[in-house]
Amino acid sequence: MKILGIESSCDETAASVVEDGKRILSSVVATQIELHQPYGGVVPELASRKHIEKIVPVVDQALIDAGVSRRDIDGVAVTRGPGLVGALLVGFSFAKAFAYGLGIPWIGVDHLEGHLNSVFLSESAPEFPFAALLVSGGHTNLYYVRSHTDAVFMGQTRDDAAGEAFDKVAKMLDLGYPGGVVISRLASQGDPARIQFPRPYLDKEAFDFSFSGVKTAVKRYIETHPDYTDHVADIVAGFQEAVVDVLTFKLIHAAEVKQCRNIAVVGGVAANGRLRQRLGEAATERGIRFHVPDIELCGDNAAMIAATGYYYLVDPNGPRGAFDDDVYSRAIIQPPS
Ligand code: KG4
Ligand code: ZN
């Protein structure tokens with residue numbers, strides 16, 4: 001079963017053809033990073049306009065790369081939310097039109113569920129149930145994942161998302177946007193122990209996070225150390241270590257409380273080398289299996305959307321997209337159970 005996936009929730013226009021939820025035949029991602037760079041963040045109106053320009057060529061390219069024609073596609077999966085409404089509507093409307101034009105089924109997929117399923121596109125897939133940490137520019141969420149379509153929400157950040165903290169600290173230090181990649185590169189040259197930034201565990205038993213305090217601590221350090229430009233690598237290494245400590249602790253704790261033998265980290269920040277390393281080590285020490293998507297599937301992409309759509313569309317009694325379906329901007333959070 002070949003599913004065309006489409007993603008346009010933020011600043012990436014992406015399309016992908018995935019077979020049976022597993023085999024990526026193509027994955028095209030047109031990023032708008034350069035467009036938004038001068039503003040230090042995503043400008044929603046500019047994002048929507050760029051998606052409109054890109055959606056047709058990106059989908060065409062995904063079909064060409066996969067070596068398939070429109071008639072070979074069995075169904076369409078498209079991101080329905082959360083994200084920027086104007087941006088989401090471009091992919092969503094396109095997907096509806098594409099599916100109705102061909103007379104094939106389609107389904108609107110939750111972007112966060114897409115990230116959770118991205119881990120099944122890599123070599124070693126986790127066994128259910130597993131504990132998952134979703135860390136991106138907009139979210140820092142913990143889940144107890146029972147199936148491809150059933151993730152129980154366990155906790156989230158109270159303020160900044162982990163990726164947002166990376167982006168804001170990079171901005172403070174004039175390192176450019178988006179900050180995660182720059183910081184992780186620079187941090188590898190720094191001493192993570194030179195400056196001790198706070199570890200916001202909050203209640204160690206709880207599954208919520210807070211990263212605005214670490215960000216403020218970096219700001220205060222910069223303000224009180226006029227010579228800070230001499231040791232920017234040490235500052236970002238110290239910052240990264242504080243964030244990674246907390247993320248690692250909470251994911252392992254979630255796995256232990258839920259008695260999971262498998263853990264996964266997904267989302268843009270899952271590309272962070274130090275986080276991947278520390279989670280891998282922490283898992284090995286406890287006999288837990290650690291899973292993470294390939295780097296190119298950590299950030300926003302349409303392969304994860306196609307894979308998620310597959311798990312709904314493969315079920316003859318599963319839900320289907322309806323003509324009146326609309327996008328949504330905010331995450332649908334289930335109550336902790
Ligand atoms: O999942 P994603 O591509 O988009 C959202 O849905 O938010 O995540 C983007 C976020 C940005 O905040 C970016 O700075 C962060 O992921 N990021 C990283 C790294 N690569 C991207 N953060 C830390 N280390 C990285 N290597
Ligand atoms: Zn994302």
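In this report, we go over the structure that sits alongside the text.

What counts, and where the lines are drawn
- The residue count restarts for each chain, going from 1 along the sequence in the order it is written.
- The naming scheme follows written order: chains are lettered A onward, ligands numbered 1 onward.
- In view of the model being predicted, local features appear only for residues whose pLDDT reaches at least 70, and side-chain atom pairs are presented and counted only at 80 or more, with totals across whole chains, interfaces and linings using the full set of residues.
- As a convention, hydrogens and water are excluded, and side-chain values are obtained from all of the structure's heavy atoms.
- For two strands to be treated as a pair, DSSP must find no fewer than two bridges joining them.
- Strands here mean DSSP runs of E at least two residues long; helices mean DSSP runs of H or I at least four residues long; both are numbered from the N terminus.
- An axis is simply a line fitted to the C-alpha atoms; with a helix, the fit covers only the stretch in contact. Between two such axes, the angle follows the N-to-C directions and lies from 0 to 180 degrees.
- Contacts were defined at the residue level, with two residues in contact if any of their heavy atoms lie within 4.5 Å.
- Remark: exposure states derive from per-residue accessible area (1.4 Å probe, protein chains only) relative to the maximum for the residue type, with buried under 20%, exposed over 50%, and partly exposed in between.
- Neither His nor the chain ends is counted toward charge; the positive residues are Lys and Arg and the negative residues Asp and Glu.
- We define a salt bridge as a side-chain nitrogen of Lys or Arg found within 4 Å of a carboxyl oxygen belonging to Asp or Glu.
- For the purposes of these results, a polar contact is taken to be a pair of N or O atoms within 3.5 Å, where, inside protein, one atom must be able to donate a hydrogen and its partner to accept one; residues adjacent in sequence count only when each atom of the pair is a side-chain atom.
- Each aromatic pair joins two rings of Phe, Tyr and Trp (for Trp, the six-membered one) with centres within 6.5 Å, and gets the label stacked for planes under 30 degrees apart, edge-to-face for over 60, and tilted for any other angle.
- A positively charged side chain is recorded as over a ring if its NZ (Lys) or CZ (Arg) lies within 6 Å of the ring centre. The angle to the ring normal must also be within 35 degrees.

## A look at the sheet that holds strand 6 (residues 130-135)
Here we have five strands laid out as an open sheet, ordered 8-7-6-9-10, and mixed in their pairing. Both outer strands of the open sheet, strand 8 (150-156) and strand 10 (289-291), are each paired with one neighbouring strand and no more. Neighbour-to-neighbour, the strand axes of this sheet turn through a mean angle of 25°, independent of strand direction. Both strand 6 and strand 9 (residues 262-266) contribute to a ladder of four bridges, which runs parallel. Bridge pairing links Ala131 to Ile263 in strand 9. Running over the sheet, helix 8 (residues 232-257) touches strand 6, strand 7 (140-147), strand 8 and strand 9 and is turned about 155° from strand 6.

## Description of the side chain of Asp110
Summarising the element assignment, Asp110 is placed in strand 5 (residues 106-110). No salt bridge is formed by the buried Asp110; the nearest opposite charge belongs to Arg80, separated by 8.6 Å. Of note is the side chain of Asp110, whose polar atom sits 2.9 Å from the backbone nitrogen of Leu112. Within the structure, Asp110 has its side chain in polar contact with the side chain of Tyr328 (distance 2.5 Å).

## Examining the side chain of Thr13
Its place among the elements puts Thr13 in strand 2 (residues 12-19). A polar side-chain atom of Thr13 sits 2.8 Å from a polar atom in the side chain of His51. Every residue in contact with Thr13, bar those within four places of it in the chain, is listed here: Glu7, Val28, Val29, Ala30, Gln32, His51, Lys54, Ile55 and Val58.

## A word on the packing of aromatic side chains
Under the counting rule described, the total for this entry stands at 13 aromatic pairs. Ring centres of Phe120 and Phe128 lie 5.4 Å apart, and the angle between their planes is 35°; this geometry places the pair in the tilted category. Taken together, the aromatic side chains of Phe92, Tyr100, Trp106 and Phe323 make up a single cluster linked through ring pairs. Across from the ring centre of Phe249, 4.7 Å away, lies the NZ or CZ of Lys204, which sits over that ring. The ring of Tyr144 is capped by Lys258, whose NZ or CZ atom sits 4.9 Å from the centre of that ring.

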